[in-house]
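Chain and residue survey
The chain contents come next:
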Amino acid sequence: MRLRLQTTLAASGSAALLLAALAFQYLGGLAPCQLCIWQRWPHLVAVLIGLLIAATGWRPLAVLGGLAALTSAGIGLFHVGVEQKWWEGLASCTGGSLQGISATDLLNPAVNVAQVVRCDAIAWQMFGISMAGWNVIISVALALIWFSAARVGTARR
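To keep things clear, this report deals only with the structure shown in the data block.

Scoring rules and cut-offs
Residues numbered from 1 in each chain as written. Predicted model: local features only at pLDDT ≥ 70, side-chain atom pairs only at ≥ 80, totals over all residues. Heavy atoms only, no water. Phe/Tyr/Trp six-rings, centres within 6.5 Å; stacked < 30°, edge-to-face > 60°. Buried < 20%, exposed > 50% of the residue type's maximum accessible area, 1.4 Å probe, protein only. Axes fitted to C-alpha atoms, helices over the stretch in contact; angles between N-to-C directions. Helix = DSSP H or I, 4+ residues; strand = E, 2+ residues; numbered from the N terminus. Parallel < 35°, antiparallel > 145°, perpendicular 65-115°, else oblique. Left-handed = near helix turned anticlockwise from the far one by under 90°. Contact = heavy atoms within 4.5 Å. Nonpolar A, V, L, I, M, F, W, Y, C, P; charged D, E, K, R; others polar.

This next bit is on the packing of aromatic side chains. Summed over the entire model, instances satisfying the criterion amount to 3 aromatic pairs. The interplanar angle of 70 degrees and the centroid separation of 6.0 Å between the aromatic rings of Trp86 and Trp87 together place this pair among those described as edge-to-face. For Trp86, a relative accessible area of 55% corresponds to the exposed category. Taking the centre distance of 6.5 Å and the plane angle of 70 degrees together, the rings of Phe127 and Trp134 count as edge-to-face. Take Phe127: its relative accessible area is 72%, and that puts it in the exposed class. Using a relative accessible area of 22% as the deciding quantity, one classes Trp134 as partly exposed. Here the aromatic cluster, defined as three or more aromatic residues joined through ring pairs, consists of Phe78, Trp86 and Trp87.

So, about the packing of helix α2 (residues 34-56) against helix α6 (residues 131-151). Packing of α2 against α6 leaves a shortest axis separation of 12 Å and a crossing angle of 25 degrees. Of the possible angle classes, the one that applies to α2 and α6 is roughly parallel. For the element pair α2 and α6, the recorded crossing hand is left-handed. Residues Gln39, His43, Ala46, Ile49, Gly50 and Ile53 of α2 form the contact with α6, whose own contacting residues are Ala132, Asn135, Ser139, Leu142 and Trp146. The residue inventory of the contact of α2 with α6, partitioned by class, reads 6 nonpolar, 5 polar and no charged.

Shown next, in the form of structure tokens:
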């Protein structure tokens, strides 16, 4: 595959993951935890890198796209470990943290205080793999495409 085709495929994969996450959040009603949100940012970076490559054709940027996808995979792997209780997660999303909520709001029945979304609770899974697990698998595959795109033209020298 050529550079633009591969980078378009990889950037589109990241865009699809972002759209799926937003669909689960806004259409499916599954509020994301802090780690879920952190996994989204590298995919946004990968999409922007794909757009830059489409505009400039500069091949070395594909390495950055691959690193962005691997960053999301790394955060996702940490998240899977938290979900599976292999290690402890962040204090801000694995317990009943009330940080940032005022005592007045807690005592006022008219105020709807949202429940903290826990990083250690699996909200959705398919074939026994959580959303964080699917992010790891797909992000690693996207990283391979990015790195393959970075090598386009170098193997034929």
